Each structure stands twice: as structure tokens, then as C-alpha cells.
Amino acid sequence: MWIGTGTLFSSKNFHYAFYNSGLIQYLFYTLIYQRSIEDRILNFIDLCSVSNISVLILADNLYGYYIHGLSPHGTTDVNVKDMIVNLGRESKQMSGTRGLEAKSDEQTFIVRIDRRLRMEYERLLFTYQVKMIRIKGQSGFVLLFSF
Amino acid sequence: MRGKKKSDEQESEILMASYRHLNEFLCAFVNHSLPTYHYTIRERFLWEKLLNYEFYYTNNNLQGTQSESVFFVGKKT
């Protein structure tokens, strides 16, 4: 009886178990879950495309992520019938592609923005926030900081 | 009563105008419509993918302190 609790929880074995469980989870998620059940990021990108909304996430001062959600049909404020027609056209490749560049399907990007762009963005955002607080008063504060 | 309604409308319009400015600025930037703010799109190189870090290459065509934004294609690796 040489496999006792001592060896099971010895630091070496514990680390192996730890790494293996991480590896198994990663492989399960990428190979099985994302392919056959759902890929939540992909679903969100599809939602962005269908609703014609692009998302720019500035995680840091000059660094962030961008999801290009421009719809290839121009307008997405349409009824269900037109939406089905549009999606049908897209599946038959009769309309443009969803990507940022022409004829590409790349919709997700890592963004490293320029300092001047950040300053301009800050200026416009500051103007908006100041106006919000000045006009809406107390409720403006609540609206701004509830995000 | 009517005056108050009108001033409310005006205030909302001012507020929405500043919001629209912000939105249109970002839209124009993405559409390459702004003459002063450019960006380039490129793939991450292999070593950048491995290190999970984006190196900054200076563009000699741009003069002075002008730099430009870079969009890295965010393919899953």
C-alpha cells in the first residue's frame, strides 16, 4: 500500500493533476463545446452584425479590442421578412462580406490606438458627460455611473 | 407648460448632438473618412502570437511625431 494520501497530495503529483485538469478543460472547451454546443463570442459577433452595431472596447489607455459589426445590407431596421431575405442573400453570397476590409471575414481586432485619437475621444466624451450632468442633474450622474 | 416642453426638447437635442458627435467621430475613424487619423490593419506575426504582445513599428513615411493606429486581426490562435 504505497500509494497513500501522502503521495497523492505530494506537491509533484498535485501539480500534475492541476495542469492536466486545466489541459482537459481547455481541450474540451475548444474541441467539443465551442464546435458542437455554442461559441458565445461568435454568437455575440453575429448579434453585432445583425444589429449593425460595432463595439470598440478600450481596455487600456491606448489598447483595446474592436468588433466590426457593420451589416453588409446597409440597414438593419427592417421587419422579420426582410431580415430573413437578407440572411438568405448573405448565405448565398449575393451580398458583401461582414469583415472590416473588403472581401474579408475578419471582424474581431486587437486595437492599438494613437495618442491623438485617444485625446480627441476623451474630449468628445468629456463634453457629452458634462452636458449630461448639466442638463439631467442628479439623474445624469446616475445614468453615467450606472454602467 | 409649452415653454417647459420646448426647453426640454432643446436640452435633449443638445445632449444627443454631443453624443452624435462622439459616435460619428468613431464611425468616421473606422471608415477611413478622417484625414488626420489613419489606421492600418495587419496580421500578428508568429512571434507576436507566441509572446501575446504587439510590437510597435515606426512608419518612416509619417513625418514628425505623427503616429497611426494599428488594428491587429484577432484570429484565434
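Procedures and definitions
- Residues numbered from 1 in each chain as written.
- Chains lettered and ligands numbered in written order.
- Predicted model: local features only at pLDDT ≥ 70, side-chain atom pairs only at ≥ 80, totals over all residues.
- Helix = DSSP H or I, 4+ residues; strand = E, 2+ residues; numbered from the N terminus.
- Buried ≥ 20, exposed ≤ 12 C-beta atoms within 10 Å, placed from the backbone.
- pLDDT = per-residue confidence, 0-100.
- Contact = placed C-beta atoms within 7 Å.
- Nonpolar A, V, L, I, M, F, W, Y, C, P; charged D, E, K, R; others polar.
- Pairing = 2+ DSSP bridges.
- Expected span 1.5 Å × (residues − 1).
- Core = buried A, V, L, I, M, F, W, Y, C linked by C-beta atoms within 7 Å.
- Axes fitted to C-alpha atoms, helices over the stretch in contact; angles between N-to-C directions.

As for the overall build of chain A
Helix and strand counts for chain A come out as six helices and three strands. Put simply, chain A runs from its N terminus to its C terminus through helices and strands in the order α-α-α-β-β-α-β-α-α. Within chain A, the fraction of its 147 residues that count as buried is 12%.

Focus on the overall build of chain B
On a plain count of helices and strands, chain B comes out with two helices and two strands. Sorting the 77 residues of chain B into buried and exposed places 5% on the buried side.

Re the confidence of the model for chain B
Averaged over chain B, the pLDDT score is 81; the fraction of residues at 70 or greater is 81%. Prediction confidence for the complex, expressed as pTM and ipTM, is 0.77 and 0.80 respectively.

Remarks on the interface of chain A and chain B
Counting residues at the interface gives 23 residues for chain A, matched by 22 residues for chain B. Counting residues per element, the ones that place at least two in the side of chain A that touches chain B are β3 (108-112) and α5 (115-136) of chain A. In terms of residue count, α5(A) provides more of the side of chain A that touches chain B than any other element does, 10 residues in total. The class makeup of the residues in the side of chain A that touches chain B is 13 nonpolar, three polar and seven charged. With four bridges joining them, β3(A) and strand β2 (residues 69-73) of chain B adopt antiparallel strand pairing. Bridge pairing links A:R112 to B:V70 in β2(B).

Notes on the environment of A:K131
Among the secondary structure elements, A:K131 is positioned in helix α5. Since 18 C-beta atoms lie within 10 Å of it, A:K131 is described here as partly exposed. When the C-alpha atoms of A:K131 and A:V55 are compared, they prove to be 23 Å apart, with 76 residues separating the residues in sequence. Residues contacting A:K131, with those up to four places away along its chain left out, are B:I14, B:L15 and B:S18.

Re α5(A)
Taking 1.5 Å of rise per residue, 22 residues should cover 32 Å, and α5(A) covers 31 Å from first to last C-alpha, within 8% of that figure. Backbone geometry just downstream of α5(A) places A:G137 in the positive-phi region, at approximately 70 degrees.

Observations regarding the nonpolar core
With 11 residues, the main nonpolar core is built from A:C48, A:Y66, A:I67, A:F109, A:V111, A:I113, A:L117, B:F29, B:Y39, B:F71 and B:F72. If you list the elements that add at least two residues to this core, you get β2 (63-67) and β3 of chain A together with β2 of chain B. Residues contacting B:F71, with those up to four places away along its chain left out, are A:Y66, A:F109, A:V111, B:Y39 and B:I41.

Description of the packing of α5(A) against helix α6 (residues 138-145) of chain A
For the pair α5(A) and α6(A), interaxial distance at closest approach is 6 Å and the crossing angle is 140 degrees. Seen from α5(A), the contacting residues are A:Q129, A:M132, A:I133, A:I135 and A:K136; seen from α6(A), they are A:S139, A:G140, A:F141, A:L143 and A:L144.

With respect to unusual backbone geometry
Residues and elements named next belong to chain B. Phi is positive for H32, which is not a glycine, with a value near 60 degrees. Mapped onto the elements, H32 comes out in the loop between α1 (2-30) and β1 (39-42). Its 10 C-beta neighbours within 10 Å are what place H32 among the exposed residues. Positioned with a positive phi, N52 is a non-glycine residue whose angle comes to about 55 degrees. Looking at the secondary structure, you find N52 in the loop between α2 (46-51) and β2. For N52, a count of 9 C-beta atoms within 10 Å translates into the label exposed.

A closer look at the confidence of the model for chain A
All names here are of chain A. With 88% of its residues at a pLDDT of 70 or more, chain A has an overall mean of 84. Confidence, read as mean pLDDT per element, is least for helix α1 (residues 5-8) in chain A (49) and greatest for strand β1 (residues 55-57) (93). Within the model, the stretch residues 1-6 combines pLDDT values under 50 with one contact to residues more than four positions away or in other chains.

Observations regarding the sheet that holds β2(A)
With respect to topology, five strands assemble into an open sheet ordered β1(A)-β2(A)-β3(A)-β2(B)-β1(B), the strand pairing being mixed. Looking at the sheet topology across the chains shown, the edges are occupied by β1 of chain A together with β1 of chain B. Recorded for the sheet is a direction-independent mean angle of 25 degrees between the axes of neighbouring strands. As paired elements, β2(A) and β3(A) share five bridges and run antiparallel to each other. Paired with A:I67 across the bridge in β3(A) is A:T108.

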